Amino acid sequence: MKLQTSSADLLAQVGAAARVASTRSAVQALSGVQVVAADGQAELRATDMEVGLRVPLPATVERDGSVVLPARLLLDVARVLPASDVSLELRPSEGDVEIVSGSARYHVRTLRGEDFPPFPEAGDGSVVRVPADAFVATVRKVERSASKDETRPILTGILVSASGSDLKMVATDSYRLSVKETKLESPLDGEFEANVPARALGELARLAEGADDAELTVARQENQVIFSVGGAVLASRLIDGQFPNYNQLLPDGYEHDLIVDSEEVRAVVRRMSLMAQKNAPLRLRFSEGELTVSAQTPDVGEASESLPVPFAGEAFEIGFNPEFLRDGLESVDSEQAKLRLISPLRPGLIEAADDSGFLYLIMPIRLNV
Amino acid sequence: MPSTAHIIHADLDAFFASVEQRDDTSLRGKPVIVGPGVVMAASYEARAYGIRSAMGGAKARRLCPHAVVVPPRFDAYVRASREVFAIFEDTSPVVEKLSIDEAFLDVRGLEHIKGTPVDIAQRLRREVRERVGLPLSAGVATTKHLAKVLSAAAKPDGLLVVAPGDEREYLRPLPVEKLWGVGPATAERLHRHDLRTVGEIALLSEDDLVAIVGRAAGRRLHALAHNRDPRRVRTGSRRRSFGSQRAMGRGPHRPEKLDAITVSLADRVTRRMRAKGATGRTVVLRLRFEDYTRATRSRTLPRATASSSEVLAALRGLLDAERETIDERGITLLGITVTNLARDDGQLELPLDEPSRAAIDSAVDRVRDRFGTRAMQRGALVRAGDRMAPWLIPGLDGVEPE
């Protein structure tokens, strides 16, 4: 394998691939990036066996072949190359790749190529084209609610369903639940539903944001889904098992429905959060016409701030994880948000007040524990 | 610098073995090993043959074929430890428990009522001997570190005191291994630079030491070599972690057995955490191999937890990743620690379809509180037999040598 490319392209594409490469697999090759040169084209591949990524590398190929290089190291090298051009050449007898840029010369030992899995083939199944902007915006609305806890695999996914002109995504880590329904401008040419690892969708969103394509494609298969956008192909294993029936989590009714100014509440919450450290909750005290947000951390300090809200009825105080509350408020685009509450130990709901199809259900923190 | 050495480090000698010799007169004067399998404690008579804690059982028997091996009786050790700590608490209001058999006492300001620190240390040793029947060694110094070095040097059944101003003189000829935090790896690095005594280290600048052993260790060693140790004796439960471990004999251990041990350790540790209302974010797996080298692997979770299943899942992931190493090098100890502690934050969960983990944990805790640890076992442990049972005795906090 021998190719010439620009240092900037190498950095950009290795950067994308390295994000997918495994960081803690027993199989060393999975911590690598595979550089493939064939038929005058080059591409980079990486996988951790859950998510796989192929990105094109604009290059002049002088000799076909493929080689696996340590992702982290290759990225570090790509970052510091002195010249605008770089060449990569496999030296089979040395078992390394010579990387030359300007007068800098690296010999990087290769990883075992035979351990690197083949990229998943797009099998049968229909391919659905989806507007990239709408897809990415919907991912960004819900991804923060997906669980990062690998012990609850089902919750690490985002449930994506698309049919007709409706695109819907749902994520929950059991402490909060985000639902975003997006109305598409025109009906899709197919439909699909899948619980896709949030990580895969996050990477897809990054790729789509960096590409100019108006559309991305989705091929839902038996156990995997394959996305493509801007020349990159991202394959992801689907998460087994039944995604929680989130509809039944939404309370039938609420005691309090408050329309508040999104930005005002966001700002207050942001200011007060500074004093809610070390797991301390943010306290929201509702009384006639007023909301007082406060936080207190032992040995650090406390803060409180009030704002007028249209609250009526018996005063009560409810606690929330500050980060979870901020995530919810920041996902509301509309000028006004609807805050719906029942009691200090029941879930609260944050909704966009403009029917933009966003719901954020959040469980409180028991106060005085 | 304080005008008196006011910190006492009190450490029971060969604790488990001493309890056995106390309770069975026929064992007195004989080499006693608390086993079976890996040596959990060795009497001083056994140590004379080169037997040490954590040594493999077979090696110990080779060194001293006529040693008496007795099975551990944790109930007796816990009782003895409580009696000893009651004496510590009577002696000083400031007692910092380090483990089941050692503590720091700060006796500053007690001269008028209890005498000088040396008087107090002598009385402490006498009372533990008379009232509990166990030998206690003590070190008295201006710093925690030196007090601990002294109690180790005083063993067995001794007392060592270094007066303020004499500390560096005392430390100078000691081998570097005596310093806190100098294990085999650090010692090896120092030896490579021909540094063998504390005095030789004390001649180096902090930067030079950092270059040899790394930043954190270098700074600490530099301070300790100059007897700078500002750590105060802290009372109460300022615990920073919950942990438990289990030693095993040599020989191949099937993955199912390792898993069963992991399950029982996770159960035990998280139950103690829940009882204290504590949660932790970082789960640490500790391994010791047949060549006595050790490894620790850790994973930090997205949020603090005291859930058995979450901690267990993290541990299983860590253990899986070490499978090859374990097969190659053999395992003789498996330990877990949950650290990065926080108070349970009271965060409620949405009622998802799956049964709530918190509900399962708390139901199991209630059954065990009421009917005993053995009343309810995991299926995985039933298959492994009840050899695990001693490790699930409630209130065995601190049966964690080291």
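Predicted model, so just to flag it, every value in this text is computed and none were measured.

Looking at unusual backbone geometry
So, step 1. A cis amide bond, omega -5 degrees, links K155 of chain B with the succeeding residue P156 of chain B.
So, step 2. When you line up the elements, P156 of chain B lands in the loop between α7 (144-154) and β8 (159-161).
So, step 3. Here the phi dihedral of D355 of chain A falls at roughly 60 degrees; this positive angle occurs in a residue that is not glycine.
So, step 4. For D355 of chain A, the position within the fold is in the loop between β24 (348-352) and β25 (358-362).
So, step 5. The backbone of Y292 of chain B sits at a positive phi, close to 70 degrees, despite the residue not being glycine.
So, step 6. The topology assignment puts Y292 of chain B in the loop between β10 (278-289) and β11 (294-305).

Examining the interface of chain B and chain A
So, step 1. Taken together, the contact between chain B and chain A spans 21 residues of the former and 27 residues of the latter.
So, step 2. Between chain B and chain A lies a buried interface of about 2,300 Å² when both sides are counted; carbon and sulfur atoms form 55% of it.
So, step 3. Looking only at chain B, the three residues that lose the most surface to chain A are Q347, L348 and L350 of chain B, adding up to 29% of its buried area.
So, step 4. Between the two partners, chain B and chain A, sit one salt bridge.
So, step 5. Across the pair R152 of chain A and E349 of chain B runs a salt bridge, and its minimum N-O distance is 3.2 Å.
So, step 6. For the interface between chain B and chain A, the tally reads six residue pairs in polar contact (both at pLDDT 80 or more).
So, step 7. Its residues placed into classes, the side of chain B that touches chain A shows nine nonpolar, two polar and 10 charged.

A look at the environment of E62 of chain A
Residue and element names in this part refer to chain A.
So, step 1. For E62, the location among the structural elements is in strand β5 (residues 59-63).
So, step 2. If near-sequence neighbours (up to four positions away) are discounted, E62 is found in contact with K2, L3 and Q4.
So, step 3. Side-chain polar atoms of E62 contact the side chain of Q4, separated by 3.0 Å.

Topic: the UniProt feature "site: Substrate discrimination" (unreviewed entry) in chain B
So, step 1. Per the UniProt record, "site: Substrate discrimination" (unreviewed entry) is found at F16 of chain B.
So, step 2. Mapping F16 of chain B onto the fold places it in helix α1 (residues 15-23).

Overview of the pairing of strand β7 (residues 85-91) of chain A
All names here are of chain A.
So, step 1. Here five bridges tie strand β1 (residues 2-6) to β7, and the two strands are oriented antiparallel to one another. Among the inter-strand pairings, S6 is bridged to a residue of β7, identified as D85.
So, step 2. As paired elements, β7 and strand β8 (residues 96-101) share five bridges and run antiparallel to each other. Directly across from S87, in β8, lies its bridge partner V100.
So, step 3. In sequence, β7 turns back onto β8 through a hairpin of four residues, with G95 there showing a positive phi of about 70 degrees.

Quick word on the sheet that holds strand β3 (residues 41-42) of chain B
All names here are of chain B.
So, step 1. Here three strands make up an open sheet; going across it, the order is β3-β2-β4 and the pairing mixed. The two strands at the open ends of the sheet, each matched to only one other strand, are β3 and β4 (68-70).
So, step 2. Where strand β2 (residues 32-34) lies against β4, three bridges are found, and the strand directions are parallel. Counted as the bridge partner of I33 is V69 from β4.
So, step 3. Along the sheet, α1 contacts β2, β3 and β4; its crossing angle with β2, the most-contacted strand, is approximately 120 degrees.

As for helix α11 (residues 206-213) of chain B
An α-helix turns once every 3.6 residues. As a result, residues three or four positions apart point the same way.
All names here are of chain B.
So, step 1. By the burial criterion, the buried members of α11 are L209, I212 and V213. For α11, the buried positions fall inside an angular range of 75 degrees around the axis, keeping them on one side. Seen from the buried face of α11, the exposed residues on the opposite side, beyond 90 degrees, are D207 and A211.
So, step 2. In this structure, the buried residues of α11 make contact with α9 (184-192), α10 (198-202) and α12 (215-225).
So, step 3. G214 sits one or two positions beyond α11 and adopts a positive phi of about 100 degrees.

Some thoughts on the pattern of salt bridges
So, step 1. Using the criterion set out here, one finds 58 salt bridges over all chains in the structure.
So, step 2. Across the salt bridge formed by K2 of chain A and E89 of chain A, the nearest N and O atoms sit 3.9 Å from each other. Residue K2 of chain A is found in strand β1, and its partner E89 of chain A is found in strand β7; the two are separated by 87 residues along the sequence.
So, step 3. For R125 of chain B, the salt bridge identified is with D157 of chain B, shortest N-O distance 2.9 Å.

Some details on the packing of helix α4 (residues 74-91) of chain B against helix α6 (residues 117-132) of chain B
Residues and elements named next belong to chain B.
So, step 1. With their axes 10 Å apart at the nearest point, α4 and α6 run at an angle of 150 degrees to one another. Between α4 and α6 the crossing geometry is right-handed. Where α4 approaches α6, its residues A80, E83, V84, I87, F88, D90 and T91 are matched on the opposing element by I120, L124, E127, V128, R131 and V132.
So, step 2. Considered class by class, the residues forming the contact of α4 with α6 number eight nonpolar, one polar and four charged.

About the thresholds
- Residues numbered from 1 in each chain as written.
- Chains lettered and ligands numbered in written order.
- Predicted model: local features only at pLDDT ≥ 70, side-chain atom pairs only at ≥ 80, totals over all residues.
- Heavy atoms only, no water.
- Helix = DSSP H or I, 4+ residues; strand = E, 2+ residues; numbered from the N terminus.
- Contact = heavy atoms within 4.5 Å.
- Buried area = accessible area lost by both parts, 1.4 Å probe.
- Salt bridge = Lys/Arg side-chain N within 4 Å of Asp/Glu carboxyl O.
- Polar contact = N/O pair within 3.5 Å; in protein donor to acceptor, adjacent residues only side chain to side chain.
- Nonpolar A, V, L, I, M, F, W, Y, C, P; charged D, E, K, R; others polar.
- UniProt positions renumbered as here; feature names shortened; annotations may be inferred.
- Pairing = 2+ DSSP bridges.
- Axes fitted to C-alpha atoms, helices over the stretch in contact; angles between N-to-C directions.
- Buried < 20%, exposed > 50% of the residue type's maximum accessible area, 1.4 Å probe, protein only.
- Arc of directions from axis to C-beta.
- Left-handed = near helix turned anticlockwise from the far one by under 90°.

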